[in-house]
Amino acid sequence: EDQVTQSPEALRLQEGESSSLNCSYTVSGLRGLFWYRQDPGKGPEFLFTLYSAGEEKEKERLKATLTKKESFLHITAPKPEDSATYLCAVQAIGYKLSFGAGTTVTVRA
Amino acid sequence: DVKVTQSSRYLVKRTGEKVFLECVQDMDHENMFWYRQDPGLGLRLIYFSYDVKMKEKGDIPEGYSVSREKKERFSLILESASTNQTSMYLCASSALDSGYGYTFGSGTRLTVV
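Residue indices begin from 1 for each chain and proceed along its sequence in written order. Chains carry letters and ligands carry numbers; both start at the beginning, A for chains and 1 for ligands, and go up in the order they are written. Totals for whole chains, interfaces and linings use every residue, but because this is a predicted model, local features are given only for residues with pLDDT of at least 70 and side-chain atom pairs only at 80 or more, for both listing and counting. The basis for every side-chain value is the complete set of non-hydrogen atoms in the structure, without hydrogens or water.

J.: Quick one: what's the story with the pattern of salt bridges, residue by residue and with numbers?
T.: Residues and elements named next belong to chain B. Any carboxyl oxygen of Asp or Glu within 4 Å of a side-chain nitrogen of Lys or Arg constitutes a salt bridge here. Under the counting rule described, the total for this entry stands at nine salt bridges over all chains. A salt bridge links Asp 28 to Lys 71; the nearest nitrogen and oxygen atoms lie 3.0 Å apart. Taken together, the residues span a long stretch of sequence, with Asp 28 in the loop between β3 (19-25) and β4 (31-38) and Lys 71 in the loop between β7 (64-70) and β8 (73-78) at a distance of 43 residues. Think of it in three bands: with a 1.4 Å probe and only protein chains considered, a residue is buried below 20% of the maximum accessible area for its type, exposed above 50%, and partly exposed in between. For Asp 28, a relative accessible area of 54% corresponds to the exposed category. Numbering of helices and strands starts at the N terminus; helices are DSSP runs of H or I of at least 4 residues and strands are runs of E of at least 2.

Structure follows, in structure tokens:
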């Protein structure tokens, strides 16, 4: 069974204070690892897909990296608008995604 | 702008009622999914469908059923609502082998009293 564990559960940052979120996974035959952002009361929004170890993707202040066992989402110089829950998901065989419980990030001005 | 639309944002139902949650997508996606989201548990897959009239059980199908009569519409049915089905329900769709994963709806927050 695919397993996805995200840490920490919650992260409180000062504006400009860079940090990283962790997503560790166990899956047979990884087809893709996905990062989503979810704002309160809304559905998750797609951020990145990573396919193989060593791959990196960037978008504004966010950078996602992938190894054979984990992925990191780095937030550089965060702003209050980066406050959200960040979800990690893995896709193995078929179309299903298995999600972690998420990391809730709060950025204070 | 492509989207997944869930018919209700908030619902309050009584224990024992039959509840229908509707989801429509306008992207001509083959795959559709129903998840529930609970604090500390993340998103858990209830049912999914990869074609019209096709359905497969996810990880927590007990107490739920689904219907997909048309490609764009995927309905989740709570046969007899119970208080432990109080949750946020998220519908999603995806194309075959999509590198973008899923597109999600805004969710339906269901409260069973």
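J.: Give me the lowdown on unusual backbone geometry, citing residues and values where you can.
T.: The linkage connecting Ser 7 of chain A with the following residue, Pro 8 of chain A, adopts the cis geometry, with an omega of -10°. With respect to the element layout, Pro 8 of chain A can be found in the loop between β1 (3-7) and β2 (10-14).

J.: So what's going on with the layout of surface pockets? Residues and values would help.
T.: Approximately 540 Å³ is the volume found for the largest pocket. Computed over the protein atoms alone on a 1 Å grid, cavities are sets of points where a 1.4 Å probe fits but cannot get out and pockets are open sets with protein on both sides within 12 Å along at least five of seven lines; a residue lines them when it has an atom within 4 Å of a point. Lining the largest pocket are 25 residues, and of these Thr 85, Ala 101 and Thr 104 of chain A together with Gln 37 and Pro 39 of chain B sit closest to its centre. Mapped by element, the contributors of at least two residues to the lining of the largest pocket are β1, β9 (84-91) and β11 (103-108) of chain A together with β4 and β9 (87-94) of chain B. Grid points are joined across faces, edges and corners, and a volume is the space filled by probe spheres set on the points.

J.: Break down the interface of chain A and chain B for me, with residues and values.
T.: With 18 residues of chain A at the contact, the number on the chain B side is 23 residues. Buried area: the accessible area, evaluated with a 1.4 Å probe, that two parts lose upon being put together, summed over both parts. Contact between chain A and chain B buries roughly 1600 Å² in total, counting both sides, with carbon and sulfur atoms accounting for 58%. It is Tyr 95, Lys 96 and Phe 99 of chain A that lose the most area in chain A upon contact with chain B, and together they represent 36% of the buried surface on that side. Where chain A touches chain B, the interface holds zero salt bridges. A 3.5 Å cut-off defines polar contacts: any pair of N or O atoms within that distance qualifies, except that in protein one atom must be a possible hydrogen donor and the other a possible acceptor, and neighbouring residues in sequence count only when both atoms are side-chain atoms. Counting every contact that joins chain A to chain B gives five residue pairs in polar contact (both at pLDDT 80 or more). Counting residues per element, the ones that place at least two in the side of chain A that touches chain B are β4 (32-38), β5 (45-50) and β10 (97-99) of chain A. For the side of chain A that touches chain B, the residue count by class is 10 nonpolar, five polar and three charged. Contacts are residue-level and defined by heavy atoms, with any inter-residue pair within 4.5 Å sufficient. Throughout this entry, Asp, Glu, Lys and Arg are counted as charged residues, while Ala, Val, Leu, Ile, Met, Phe, Trp, Tyr, Cys and Pro are counted as nonpolar. The remaining residues, Gly among them, count as polar.

J.: Can you lay out the sheet that holds β8 of chain B for me, pointing to particular residues and giving the numbers?
T.: Residues and elements named next belong to chain B. Being paired, for any two strands, means DSSP has found at least two bridges between them. Strand order in the open sheet made by the four strands is β1-β3-β8-β7, with antiparallel pairing throughout. Either end of the sheet is taken by a strand with one partner, and the two such strands are β1 (4-6) and β7. Along the sheet, successive strands turn relative to each other by an average axial angle of 20°, direction set aside. Examined bridge by bridge, β7 and β8 share five bridges and lie antiparallel to one another. Directly across from Ser 67, in β8, lies its bridge partner Ser 75. A fitted line through C-alpha atoms represents every axis, and for helices the fit uses only the stretch in contact; the resulting angles, taken between N-to-C directions, go from 0 to 180 degrees.

J.: Talk me through the state of the cysteines; I want residue IDs and the actual numbers.
T.: Two cysteine sulfur atoms form a disulfide, by the criterion used here, when they sit within 2.5 Å. Overall, the coordinates contain two disulfides over all chains when judged by the stated rule. Each sulfur in the disulfide pair Cys 23 of chain A and Cys 88 of chain A lies 1.9 Å from the other. Across the disulfide from Cys 23 of chain A to Cys 88 of chain A, rotation about the S-S bond amounts to roughly -60°, and the bridge is consequently left-handed. Of this pair, Cys 23 of chain A sits in strand β3 (residues 19-26) while Cys 88 of chain A sits in strand β9, and the two are 65 residues apart along the sequence. A residue is classified by how much of its surface remains accessible, and Cys 23 of chain A, at 0% relative accessible area, is buried. The class of Cys 88 of chain A is buried, set by a relative accessible area of 0%. A sulfur-sulfur distance of 1.9 Å marks the disulfide that ties Cys 23 of chain B to Cys 91 of chain B. On the S-S bond that ties Cys 23 of chain B to Cys 91 of chain B, the torsion sits near -75°, and the link is left-handed.

J.: A description of the pairing of β9 of chain A should follow, citing residues and the corresponding values.
T.: Residue and element names in this part refer to chain A. Most of β9 sits out of view: eight of its eight residues are buried. Along β9, one buried face is formed by Ala 84, Tyr 86, Cys 88 and Val 90 and the opposite face, lined by Thr 85, Leu 87, Ala 89 and Gln 91, is buried too. Sheet topology places β4 next to β9; seven bridges connect them, and they run antiparallel. Looking at β9, one finds that Tyr 36 is bridged to Leu 87. Alignment of β9 against β11, held across three bridges, turns out to be antiparallel. Residue pairing in the sheet places Thr 85 in a bridge with Thr 104 of β11. Connecting the antiparallel pair β9 and β10 is a turn made up of five residues, with Gly 94 showing a positive phi of about 85°.

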